[in-house]
Amino acid sequence: MAAASSPNPSTCNKLFVAAIDFGTTYSGYAFSAKSEWTKVQTNIWPSSNQMSSKTPTALLLKPDESFHSFGYDAEKAYAELAEEGEDEYKDFYYFHRFKMLLHNCKVGSCIENESRNFEQRHTQNLLLLCNMINIYKHI
């Protein structure tokens, strides 16, 4: 029986390779380093009852349209706002599974278009995209 061989050295000249999965239902990311290219790293997103390498594609913006939370945190925060019995949650912008809203835009006009949240409040698609990129930038 032949001995197991080690993987071929990486031919990539980049120090790191990363991938972002901006999914319809869930989102996540992965990366590997040139020195250990066969070892793929992912983030673990905590939820209330499980750990997952992906988190819901949910984004919560404050009433001034600044970032509040993403993923499981956004779902939880929006639910807590709604459960408080006040109508304060209606002032927030909650987007859930919004990728297809962006996907269905006409090329060249998508950034200028607006998307609606559950409360039919509008925000610019560019703002949604910028928040998604910033989330992964700060992890």
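In this report, the structure presented in the accompanying data block is examined. (Residues numbered from 1 in each chain as written. Predicted model: local features only at pLDDT ≥ 70, side-chain atom pairs only at ≥ 80, totals over all residues. Heavy atoms only, no water.)

Here's the deal with the pairing of strand S1 (residues 16–22)
- Looking at chain direction, S1 and strand S2 (residues 26–33) are connected through seven bridges and run antiparallel. Looking at the pairing, valine 17 lines up with serine 32 of S2. (Pairing = 2+ DSSP bridges. Helix = DSSP H or I, 4+ residues; strand = E, 2+ residues; numbered from the N terminus.)

Description of the pairing of strand S8 (residues 67–70)
- Pairing between strand S7 (residues 58–61) and S8: three bridges, direction antiparallel. From the neighbouring strand, leucine 61 faces S8, where its bridge partner is phenylalanine 67.
- Between the end of S7 and the start of S8, which pair antiparallel, lie five residues, with glutamate 65 showing a positive phi angle near 70 degrees.

What about a negative patch on the surface?
- Among the surface-exposed residues, Glu80, Glu83, Glu84, Glu86, Asp87, Glu88 and Asp91 lie close enough to one another that they form a single negatively charged patch.
- As for its placement among the helices and strands, glutamate 83 is situated in helix H1 (residues 72–83). (Patch = residues over 30% accessible without salt bridge, like charges linked within 9 Å, V, L, I, M, F, W, Y side chains within 5 Å. Areas by Shrake-Rupley, 256 points an atom, 1.4 Å probe, with all protein chains shown as cover. Salt bridge = Lys/Arg side-chain N within 4 Å of Asp/Glu carboxyl O. Lys, Arg positive; Asp, Glu negative; His and termini not counted. Charge placed at Lys NZ, Arg CZ, Asp CG, Glu CD.)

Observations regarding the sheet that holds S8
- Here three strands make up an open sheet; going across it, the order is S8-S7-S9 and the pairing antiparallel. If you trace the sheet from one side to the other, it starts and ends with S8 and strand S9 (93–96), each paired once. Put simply, the sheet's adjacent strands are angled 15 degrees from each other on average, direction ignored.
- Here S7 runs beside S9; their pairing, made up of four bridges, is antiparallel. For leucine 59, the partnering residue across the bridge sits in S9 and is phenylalanine 95. (Axes fitted to C-alpha atoms, helices over the stretch in contact; angles between N-to-C directions.)

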